[in-house]
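Secondary and tertiary structure notes
Chain residues, written in single-letter form:
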Amino acid sequence: MASLVGSRVERKEDKRFLTGKGRYTADININNQTYAYFVRSPHARAKITKIDISKALKASGVVDVLTGEHIAKDKIGGLIAGWAIRSEDGSEMKCPPNPPLAKDNVNFVGDPIAVVFAESLEEAKAASELVNIDYKILKAVVNLSEAMKDDTIHKDIDKNLCYDWLLGDRQKVKEAFDKADKIIKLDITNNRLIPNAMEPRACVVDYNSASEEITCYTTSQNPHLSRLIMSAFGGVAPEHKLRVVAPDVGGGFGSKINLYNEEIVCSWASKKIERPIKWVAERTESFLTDTHGRDHITHAELAVTNDGKFLGFKNETIANLGAYARVFGTVTPTYLFGPCATGVYVMPAAYSNVKAVYTNTAPVDAYRGAGRPEATYTIERIVDKAAIELGMDPIEIRMKNFPTEFPFKQTLVHQIDSGDYVAGLKKAKEMADYDGFSARKKDSESKGKLRGIGVTTYFEACGIAPSPVVMMLGCGVGLWESAEVRFNPTGQVTVYTGSHSHGQSHQTTFAQIAADELGVPIENIDIVHGDTDKGTFGMGTYGSRSLTVGGIAIVNACKKIVDKGKRVAAKMLEASPDDVDFKNGEFVVANSNKKKTIGEVAFACYLPGVRDEVKSPLPEGEEPGLKESAFFDPANFSFPAGSHIAEVEIDPETGEVKLDRYTAVDDFGTIVNPTIVEGQVHGGLAQGIGQALTENAEYDETGQLITASYMDYTMPRADNLPEFNLGFTCTKATTNPLGVKGCGEAGSIGAPPTVMNAIINALDGQEIQMPATAEKVWRACKNLKKTKNKAA
Amino acid sequence: MKKVNLEINGKKISKEISDHTLLSVFLRDILNLTGTHIGCDTSQCGACVVHVDGKSIKSCTAFAADLDGSKITTIEGLSQNGKMHPMQEAFKKLHGLQCGFCTPGMVMSAIDLLKNNKKPSDTEIREWLEGNICRCTGYQNIVAAVKEAASKM
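Nothing here was measured: the structure is a model prediction, and the numbers come from that model. Per chain, residues are indexed from 1 in the order of the written sequence. Chain A is the first chain written and ligand 1 is the first ligand written, with later ones labelled in order. Residue-level local features of this predicted model are given only where pLDDT is at least 70; pairs of side-chain atoms are given and counted only at 80 or more, and the full residue set underlies all totals for whole chains, interfaces and linings.

Points about the domain arrangement of chain B
Residue and element names in this part refer to chain B. Each domain of chain B was delimited in the assignment, giving domain 1 (2-77) and domain 2 (86-152). Each of domain 1 and domain 2 has a C-alpha centre, and the two are 21 Å apart. For the purpose of contact definition, each residue receives a C-beta atom placed from its backbone, and two residues are in contact when these atoms lie within 7 Å. Contact with domain 1, which involves 14 residues of that partner, is made by 11 residues of domain 2. For helices the rule is a DSSP run of H or I covering at least 4 residues; for strands it is a run of E covering at least 2, with both sets numbered from the N terminus onward. Secondary-structure elements contributing two or more residues to the side of domain 1 that touches domain 2 are strand S3 (49-52) and strand S4 (55-58). Residue ranges for the domains originate in an automatic or database domain assignment.

A word on the interface of chain A and chain B
Tallying the contact residues gives 42 residues for chain A and 43 residues for chain B. Looking at the side of chain A that touches chain B, the elements that each hand over two or more residues are helix H1 (14-18), helix H8 (283-289) and helix H17 (674-693) of chain A. Of the residues belonging to the side of chain A that touches chain B, the class tally is 16 nonpolar, 14 polar and 12 charged. Each residue is assigned to one class: nonpolar for Ala, Val, Leu, Ile, Met, Phe, Trp, Tyr, Cys and Pro, charged for Asp, Glu, Lys and Arg, and polar for all the others, Gly among them.

Quick word on the nonpolar core
Residue and element names in this part refer to chain A. Each nonpolar core comprises buried Ala, Val, Leu, Ile, Met, Phe, Trp, Tyr and Cys residues, the members being joined through C-beta atoms within 7 Å. Our exposure labels follow a C-beta count within 10 Å of each residue's own C-beta, placed from the backbone: buried means 20 or more other C-beta atoms, exposed means 12 or fewer, and partly exposed covers the counts in between. Val115, Val116, Ala514, Ile554, Val755 and Ile759 are the most contacted members of the largest nonpolar core, which has 285 residues in total. Looking at this core element by element, the count peaks at 12 residues for helix H15 (residues 546-572). Dropping the residues within four chain positions of it, Val755 is found in contact with Gly454, Ala646, Val648, Leu659, Ile689, Ala692 and Leu693.

Describing the packing of helix H9 (residues 372-390) of chain A against helix H10 (residues 394-401) of chain A
All names here are of chain A. With axes taken as lines fitted to C-alpha atoms, and helix axes fitted only over the stretch in contact, angles between N-to-C directions fall between 0 and 180 degrees. For the pair H9 and H10, the least separation of the axes is 9 Å and the interaxial angle reads 115°. Taken together, the axes of H9 and H10 are roughly perpendicular relative to one another. For the pair H9 and H10, the sense of crossing is right-handed. Touching Val383, Asp384, Ala386 and Ala387 of H9 are Pro394, Ile397 and Arg398, all from H10. Residues that form the contact of H9 with H10 fall into these classes: five nonpolar, no polar and two charged. Relative orientations are named as follows: roughly parallel for angles under 35 degrees, roughly antiparallel for angles over 145 degrees, roughly perpendicular for angles from 65 to 115 degrees, and oblique for any other angle. Each crossing gets its hand from how the near helix is turned against the far one by less than a right angle, where anticlockwise is left-handed and clockwise is right-handed.

Considerations on the confidence of the model for chain B
Per-residue confidence for chain B gives a mean pLDDT of 97, with 100% of residues at or over 70. Per the prediction output, this complex has pTM 0.97; the corresponding ipTM is 0.98. Think of pLDDT as the predictor's per-residue confidence, scored from 0 to 100.

A closer look at the domain arrangement of chain A
Residue and element names in this part refer to chain A. With domains assigned, chain A is organised as domain 1 (14-138 + 201-280), domain 2 (293-464 + 636-791) and domain 3 (480-632). The straight-line distance from the C-alpha centre of domain 1 to that of domain 3 is 39 Å. Broken down by secondary-structure element, the contributors of at least two residues to the side of domain 1 that touches domain 3 are helix H6 (223-232) and strand S11 (242-245). Counting residues per element, the side of domain 1 that touches domain 3 draws most heavily on H6, which supplies four residues. Looking at the side of domain 1 that touches domain 3 residue by residue, the classes come out as eight nonpolar, seven polar and three charged.

What about the environment of Pro753(A)?
Residues and elements named next belong to chain A. Tracing the chain through its elements places Pro753 in helix H18 (residues 746-762). Overall, Pro753 belongs to the buried group, with 32 C-beta atoms counted inside 10 Å. Sequence separation of Pro753 and Ala780 is 27 residues, and the distance between their C-alpha atoms is 18 Å. For Pro753, the residues in contact, after removing those within four places along its chain, are Thr376, Tyr377, Glu380, Arg381 and Thr456.

Digging into the sheet that holds strand S20 (residues 493-497) of chain A
Residues and elements named next belong to chain A. Here the rule is simple: two strands pair whenever DSSP picks up at least two bridges between them. Within the open sheet, the four strands sit side by side as S21-S20-S19-S27. Their pairing is mixed. The open sheet has two edge strands with one neighbour each: strand S21 (525-528) and strand S27 (627-632). Across this sheet, the average inter-strand angle for adjacent strands is 15°, counted without regard to direction. Here six bridges tie strand S19 (residues 481-487) to S27, and the two strands are oriented antiparallel to one another. Pairing of Glu481 across the sheet is with Phe632, part of S27.

Topic: the sheet that holds strand S6 (residues 132-137) of chain A
Residues and elements named next belong to chain A. Taking strand neighbours across the sheet as the criterion, the three strands line up as S4-S2-S6 in an open arrangement whose pairing is antiparallel. Sheet topology places strand S4 (105-106) and S6 at the edges, where each strand pairs with a single neighbour. Relative to S4, strand S2 (residues 46-52) runs antiparallel, the two sharing two bridges. Residue pairing across strands places Lys47 opposite Asn105, the latter belonging to S4.

Section: the packing of helix H3 (residues 103-116) of chain B against helix H5 (residues 140-152) of chain B
All names here are of chain B. Running from amino to carboxyl end, H3 crosses H5 at an angle of 45°, the nearest separation of the two axes being 11 Å. Between H3 and H5, the angle falls in the class oblique. Crossing handedness for the pair H3 and H5: right-handed. On H5, the residues touching Met106, Ala110, Leu113 and Leu114 of H3 are Ile142, Val146, Ala149 and Ala150. For the contact of H3 with H5, the residue count by class is eight nonpolar, no polar and no charged.

A closer look at H6(A)
Residue and element names in this part refer to chain A. Within H6, nine of the 10 residues are buried, which leaves the element mostly enclosed by the surrounding structure. When we look at burial in H6, the residues that qualify are Pro223, His224, Leu225, Ser226, Arg227, Leu228, Ile229, Met230 and Ser231. As for H6, its buried residues are in contact with strand S10 (213-218), S11 and helix H7 (261-273).

Written out as structure tokens, the structure reads:
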């Protein structure tokens, strides 16, 4: 049987999505359900002085109206930060309480205050207008660079500062900088983004008063974790009385990692009102209340020699947390950012200093790449600036500073097990026809256009685990993953995974892996995920961890199945287990023609005895049945890397940037399904290009989000993107048996600096900040003309 | 309230509905055809595209009550005798979908393109699909799937 790992198997999940048979949360209806509509703060910062729900309670169709008062009375806990980060001085980070419904203060536009349950959505919405709230409006803290000097948002959090974190050695950096021929300096902003999964958040909750069980269907990337938080911190119900189901989920990109206010409120309320509840976010609610991403201001410096060797690097960053610290909010700008900020280079000394501050904006948390796009943007922009200032080619300066031996101890945290950065960049250079650029530039210039080329080389730390490391860094839980493999008596296999697919294709790739391990046809394997009642437990899907952590748990559980199968087959074949080999789904006794298929062995495990033609006595002490589980905690993160090259053409008259060519060469180790991996890269690139060219979440000075619809927040559409040119190199990960590395975030990490380096190259080195909108580029082109005229 | 007679996916139906029920809501909440998705409130995302009398429209832009006598096809109505439409087959073959949420609208819109333009270029496909947002695929495999379907239809 040919190996399925590595082949372009068509997706098992597609038929239901293509025929309208997907089952997303908003598609679920429960008999007798009520409809929830949340009353949200229209102000970015205010004191609530009075809430009057009496009129709303009397409105047509209203079942109940609940507020922060009710939730506090029932002692329901709020939302939490998942990682405890310490400041440079050793002090603990400062996090404000984040109640599910605000009672005394509201801290961002969209902060939920009350909820109306009614017989129809229209009635709930109409009654929400009758909830009368008096506010004392306070000055909103919105501007990130000024936030530490502004009013204090939360009681006892001075300067709005959550922590002032340092990774690295200031003294060593100073010494390195003292020896440098040149110090390159760069000031950048990493623009605020809104993840915008196409499926808006939703939950449908059902409470059974007889069994006292709450079932919450929700749009989550990690239902098990949501249940844990809702139970342990929310106190909504004990874990065994709380079932969280994340059915088909329409994209997440980090925004559906968090447990949100609405899930806690609806789960708690369904018990209180003894009715099922349905809540579906409107797109504007998603814009206002989904966790946002990025939003850094960074000053970086790189110490170099005249011939382009790097001596040291430092960055001072202010990271926006928004109004509250959420699950990955505090780790994203620290351990997911700082270690990667020295890039793929040998960097003798480095530090990363991050001040995370609160503002009156939506909470900021992990968004595709989480910290690593910000890190890569910082280092790759400053490396390009160094190349410009030293008069070097951007490829040459990178090649000069690559490590060539692996494992490579990266400057700040990571021990990178494998990689070949030289091979990746060489391949990208060739595929992008780097040497043909000057001819294409001339051609563009002959048409009155500008042309620029940009290069990025990145590595990232993903496959977020291992537990001992992440817990040492401050994580509140262990980040392992679990799997359970159940063999049915008649030979089909059901695999339960704790990870969750919301577009990643687990139903296919995980089945490919199990098919190879067990020698069972892929049609006979089903992957089950997303239901806390099905499967053991899992930490979920984010940080490109599903395959490298969850996939390996499946491999290990399959190996246990094969081990038991060997013992059972040996008994059936009257041989020693040591003499039994397993290959292509068959247990074979060495040097003989005696064999049993895995299907026969599975069947035997369920019929442990001898009667008539059935002869399947189990070995002594062996339990009947064939089901195994595994928890996998890898020895390290996984470290994919890549080289991306982009070319842009700019119309100086309009400032319009056309992304003309994009080449990405990535090293993800072993690739399980090339088609699916390419799809992941395409999607990541689109989001990274969106950050560079069009996307920007913008608040006005009063804290109103002015980009809260698809007309104002400009996501890339089909006609904004070129056809991507993809290539791969492969150095296998040494930290897992498949040799796999994560691939989900690579595109969004590599694309922003690649595109911006190309634009800045076209603009003769003029700095501009993301997103490079036509207006900004047009202004830069005007400057260019002025400079050129002066020179003439 | 108004009584409407419609043919939906080949079946005649007759319903009493309020004047301001959007076609998207009518399909999902009243007929339980949940393959038509709602991704925004501003007719920008295209997840709700269906065919009305053979033409693609965003079903959140029409009142069901105004469509009396129309023939409507949704994503659920594309398969014939258990066999998927060539556009659906092409999306599957070329991995033109990931999370699947925008997919029904994308497929319905792409089919309408091929009715008007049998052999569209990449640029024509990208321009036509400008009204459908996908956050997962970067559109590359969608464009490839539409071309594949064009070669099979």
